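For reference, the chains in residue letters:
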Amino acid sequence: MADTPIPLEVRNITKRFGDTEVLKGLSLQAQKSDVITLIGASGSGKSTFLRCMNLLEQPDDGELIIHGEPIRFKQTRHGREPADWNQVVAMRAKLSMVFQGFNLWAHMTLLENIIEAPVHVLGKPKKQAIEHARELLERVGLSDRADYYPAQMSGGQQQRGAIARALAMDPDVMLFDEPTSALDPELVGEVLKVIRGLAEEGRTMILVTHEMAFARDVSTQVVYLHQGQVEEAGPPAQVLGNPSSERLKQFLAPKN
Amino acid sequence: MIDLHGYGPRLLEGALVTIELAVLSLILAIFLGLLTASAKMSRSWLLHRVGTLYTTIIRGVPDLVLMMLLFFGGQIGINMITDWLYDQFNIDIFININEFVAGVFTIGLIFGAYMGETFRGAFLAVDSGQIEAGRAYGMTQSLVFRRIRFPLMMRHALPGLSNNWMVLLKTTALVSVIGLSDMVRVAAEASKATREPFTFMIIVGIVYLLIASVSEWGFARLQKHYDTGHAEAN
Ligand SMILES: Nc1ncnc2c1ncn2[C@@H]1O[C@H](COP(=O)(O)OP(=O)(O)OP(=O)(O)O)[C@@H](O)[C@H]1O
Ligand SMILES: [Mg+2]
């Protein structure tokens, strides 16, 4: 029965900010090549949930299991914290995140951005990292922008660059937090195209998005969050095509 | 040529003392400033209080008073410790505070507090998304600091840092009160002996101006370096 361990498993995550409980026991399992889309109204906890998965946010309770290895926690007077930060650092190197606001490092060229973590975190030889980076740039259509600084690129280019930076880590799982919602409408397509390509090649991804048509196309599973709880989850055809929850129906209904 | 009445070499030595004093104090001040900024931004209540106390004291007490307090007070403190060691354990040591070390220590301590404020503001000006991206890619805290936080912070800190440096440079003139033969003290002696204060003070003024100009040029280069990639700078 010893299958290949599940890349990412989350069990019963809870999170509160002050007095408000933002995540009320969320679980999720990403098998290899799964594309899981998180949808839900603003404030439903999608970003917080995603950020708990690589511990940018510390969940108050619940388990996080990466490739069968549970992250160890300890109780401190500031709340629960990872017991071993080295374990967290190693885990993060396997889960690449793509941010809504791109967050490319402003003082580095695109190429430097892409090789930064492979060289300094993974210890990859610089020459090899640069070769890999050039392949990735070609793949996201930015070969001619290697020596540009983020501020010199359009939002769509920055986000494609950020995806190349994420891919440079050879991640097991990629986390996307609304990768297109900071973009002008005419730039959304070019970024979605890149993500679609990743889905087709079997990347394991967890994606927060408001692009319903896109979610329907690429997802293996859609999870609808409402006030920090899973209200409905399942294959896209069912969750998006034939929802059973009233709230989800309302959420999906075209706004005017 | 102006006649320096043989004070030329001593003035030159004095100028070197001034420069060495200023540079070493700056290094200490930057180090203390980074520590203070971290303490004030830390979530530890105690560190925060210590940082605040340090800045408050330094800002509230005149530099000259601080310098004499630290120099003379420091010597008395050390004497008390050595006396006590002698009484208790019959250990006989004699430590004399070296004026130069005392000068570096005092000026570094004073400007460490100002640098702390400069650095704190600069750290807070760094977009948190940049730091978060570093953490998300598996960087340790020290790697994030070295590769991301520090270089991004520096462009915000440099204007304040350069300003602090200019004030620090002029503050070195105060060390003559504790008997250090910096440029100003040599010039003062020479003025008295030769009754030509104007000659010597003009020279001192010009040397300070020269150092300031070279620094300004250096800071402009640094600013350019740390501005690289930022929209306004392209
Ligand atoms: N650092 C924080 N401190 C306090 N409250 C927070 C913090 N981050 C998020 N919250 C709160 O947690 C709730 C969930 O926020 P979250 O950002 O996860 O929502 P979301 O589903 O991603 O929304 P959106 O679609 O607007 O991005 C919100 O009510 C938000 O105000
Ligand atoms: Mg969000």
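To be clear, the structure that these remarks concern was listed above.
Residues numbered from 1 in each chain as written. Chains lettered and ligands numbered in written order. Predicted model: local features only at pLDDT ≥ 70, side-chain atom pairs only at ≥ 80, totals over all residues. Heavy atoms only, no water.

Engineer: Lay out the overall build of chain B in plain terms, naming residues and giving numbers.
Structural biologist: If you tally the helices and strands in chain B, you get eight helices and zero strands. Going residue by residue from the N terminus, the α and β elements of chain B occur as α-α-α-α-α-α-α-α. When the backbone C-alpha atoms are referred to their principal axes, chain B occupies close to 65 × 60 × 30 Å. Counting across all 234 residues of chain B, residues that qualify as buried make up 44%. Entry remark: accessible area of chain B is about 12,900 Å², with carbon and sulfur atoms responsible for 66%. The distance from the centre of the 17 positive side-chain charges to the centre of the 17 negative ones in chain B is 11 Å. (Helix = DSSP H or I, 4+ residues; strand = E, 2+ residues; numbered from the N terminus. Buried < 20%, exposed > 50% of the residue type's maximum accessible area, 1.4 Å probe, protein only. Areas by Shrake-Rupley, 256 points an atom, 1.4 Å probe, with all protein chains shown as cover. Lys, Arg positive; Asp, Glu negative; His and termini not counted. Charge placed at Lys NZ, Arg CZ, Asp CG, Glu CD.)

Engineer: Before we move on, could you go through the site of ligand 1 and cite the residues and values that matter?
Structural biologist: All names here are of chain A. Lining the immediate environment of ligand 1, one finds Phe 17, Val 22, Ala 41, Ser 42, Gly 43, Ser 44, Gly 45, Lys 46, Ser 47, Thr 48, Glu 178 and His 210. Between ligand 1 and the protein, one listed contact pairs an oxygen atom with a side-chain N or O atom of Ser 47 at 2.7 Å. Thr 48 is positioned with one of its side-chain polar atoms (N or O) 2.5 Å from an oxygen atom of ligand 1. Alone, ligand 1 offers 630 Å² of accessible surface; in the complex the protein occludes 57% of this. Top element by residues in the shell around ligand 1 is helix α1 (residues 46–53). It accounts for three residues. Residues that form the shell around ligand 1 fall into these classes: three nonpolar, seven polar and two charged. (Near = heavy atom within 4 Å. Polar contact = N/O pair within 3.5 Å; in protein donor to acceptor, adjacent residues only side chain to side chain. Nonpolar A, V, L, I, M, F, W, Y, C, P; charged D, E, K, R; others polar.)

Engineer: I'd like a description of the interface of chain A and chain B, backed by residues and values.
Structural biologist: Facing 29 residues of chain A, the contacting portion of chain B comprises 23 residues. Counting each side, the surface lost to burial between chain A and chain B is near 2,300 Å², with a carbon and sulfur contribution of 57%. Taken as a group, Arg 92, Trp 105 and His 107 of chain A account for 24% of the area that chain A buries against chain B, more than any other trio of residues on that side. Run the count over chain A and chain B and you get three salt bridges. Between Arg 51 of chain A and Glu 132 of chain B there is a salt bridge, with the nearest N and O atoms lying 2.8 Å from each other. The interface formed by chain A and chain B holds nine residue pairs in polar contact (both at pLDDT 80 or more) in total. For the side of chain A that touches chain B, the elements supplying multiple residues, two or more each, are α2 (85–92), β8 (95–98), α3 (110–120) and α5 (155–167) of chain A. Class assignment of the residues belonging to the side of chain A that touches chain B gives a composition of 17 nonpolar, seven polar and five charged. (Contact = heavy atoms within 4.5 Å. Buried area = accessible area lost by both parts, 1.4 Å probe. Salt bridge = Lys/Arg side-chain N within 4 Å of Asp/Glu carboxyl O.)

Engineer: Report on the sheet that holds strand β2 (residues 20–30) of chain A, specifying residues and quantitative values.
Structural biologist: Residue and element names in this part refer to chain A. The strand order across the open sheet built from four strands is β2-β1-β4-β5, with neighbouring strands paired in antiparallel fashion. If you trace the sheet from one side to the other, it starts and ends with β2 and β5 (69–70), each paired once. Judged from the five bridges that link them, strand β1 (residues 8–17) and strand β4 (residues 61–66) form a sheet pairing that is antiparallel. Of the residues in β4, the one forming a bridge with Arg 11 is Glu 63. Along the sheet face, α1 touches β1, β2 and β4 and points at about 60° away from the line of β2. (Pairing = 2+ DSSP bridges. Axes fitted to C-alpha atoms, helices over the stretch in contact; angles between N-to-C directions.)

Engineer: Could you give an account of the packing of helix α3 (residues 63–89) of chain B against helix α4 (residues 99–125) of chain B, with specific residues and numbers?
Structural biologist: Residue and element names in this part refer to chain B. Contact pair α3 / α4: the axes reach a minimum separation of 10 Å and the direction vectors enclose 135°. As judged from the angle between their axes, α3 and α4 are oblique. For the pair α3 and α4, the crossing hand works out as right-handed. On α4, the residues touching Asp 63, Leu 66, Met 67, Leu 70 and Phe 71 of α3 are Glu 99, Ala 102, Thr 106, Ile 107, Leu 109 and Ile 110. Residue classes in the contact of α3 with α4 are distributed as eight nonpolar, one polar and two charged. (Parallel < 35°, antiparallel > 145°, perpendicular 65-115°, else oblique. Left-handed = near helix turned anticlockwise from the far one by under 90°.)

Engineer: How would you explain a nonpolar patch on the surface if you had to name every residue and give the values?
Structural biologist: On the surface, a cluster of nonpolar side chains totalling about 410 Å² of accessible area is made up of Leu 16, Ile 19, Val 23, Leu 24 and Ile 27 of chain B. When you line up the elements, Ile 27 of chain B lands in helix α1 (residues 8–41). (Patch = residues over 30% accessible without salt bridge, like charges linked within 9 Å, V, L, I, M, F, W, Y side chains within 5 Å.)

Engineer: If you had to explain the side chain of Gln 58 of chain A to someone new, which residues and values would you point to?
Structural biologist: As for its position among the elements, Gln 58 of chain A is in the loop between α1 and β4. Residues contacting Gln 58 of chain A, with those up to four places away along its chain left out, are Lys 15, Phe 73, Arg 80, Pro 82 and Trp 85 of chain A.

Engineer: Give me the pattern of salt bridges: which residues, what numbers.
Structural biologist: All names here are of chain A. One pass over the full model with this rule turns up 18 salt bridges over all chains. For Arg 247, the salt bridge identified is with Glu 231, shortest N-O distance 3.0 Å. Separated by 16 residues along the polypeptide, Arg 247 in helix α9 (residues 246–252) and Glu 231 in strand β12 (residues 229–234) bring together distant segments of the chain. Each of Glu 9, Arg 11 and Glu 63 takes part in salt bridges that share partners, so that together they form one network.

Engineer: Describe the sheet that holds β8 of chain A, naming the residues involved and giving the relevant values.
Structural biologist: All names here are of chain A. Strand order in the open sheet formed by six strands is β8-β9-β10-β3-β11-β12, with mixed pairing between adjacent strands. Each edge of the sheet is formed by a strand with only one pairing partner; in this case those strands are β8 and β12. Across the sheet, the axes of successive neighbouring strands diverge by a mean angle of 20°, strand direction being ignored. Where strand β3 (residues 35–40) lies against strand β10 (residues 204–208), four bridges are found, and the strand directions are parallel. Paired with Val 35 across the two strands is Met 205, which belongs to β10.

Engineer: An account of the environment of Thr 109 of chain A is needed here, citing residue identities and associated values.
Structural biologist: Residues and elements named next belong to chain A. By secondary structure assignment, the location of Thr 109 is in the loop between β8 and α3. Taking relative accessible area as the criterion, Thr 109 reaches 9% and is therefore assigned buried. It is 24 Å that separates the C-alpha atoms of Thr 109 and Gly 189, two residues lying 80 residues apart in sequence.

Engineer: Outline the pairing of β3 of chain A, listing residues and values.
Structural biologist: As a general feature of sheets, a regular strand has side chains that alternate between the two faces. All names here are of chain A. Buried residues dominate β3, accounting for six of its six residues. Side-chain alternation along β3 places Val 35, Thr 37 and Ile 39 on one buried face and Ile 36, Leu 38 and Gly 40 on a second face that is also buried. As defined by bridge partners, β3 adjoins strand β11 (residues 221–226) across five bridges and the pair is classed as parallel. Looking across to β11, one finds that Gly 40 is bridged to Leu 225.

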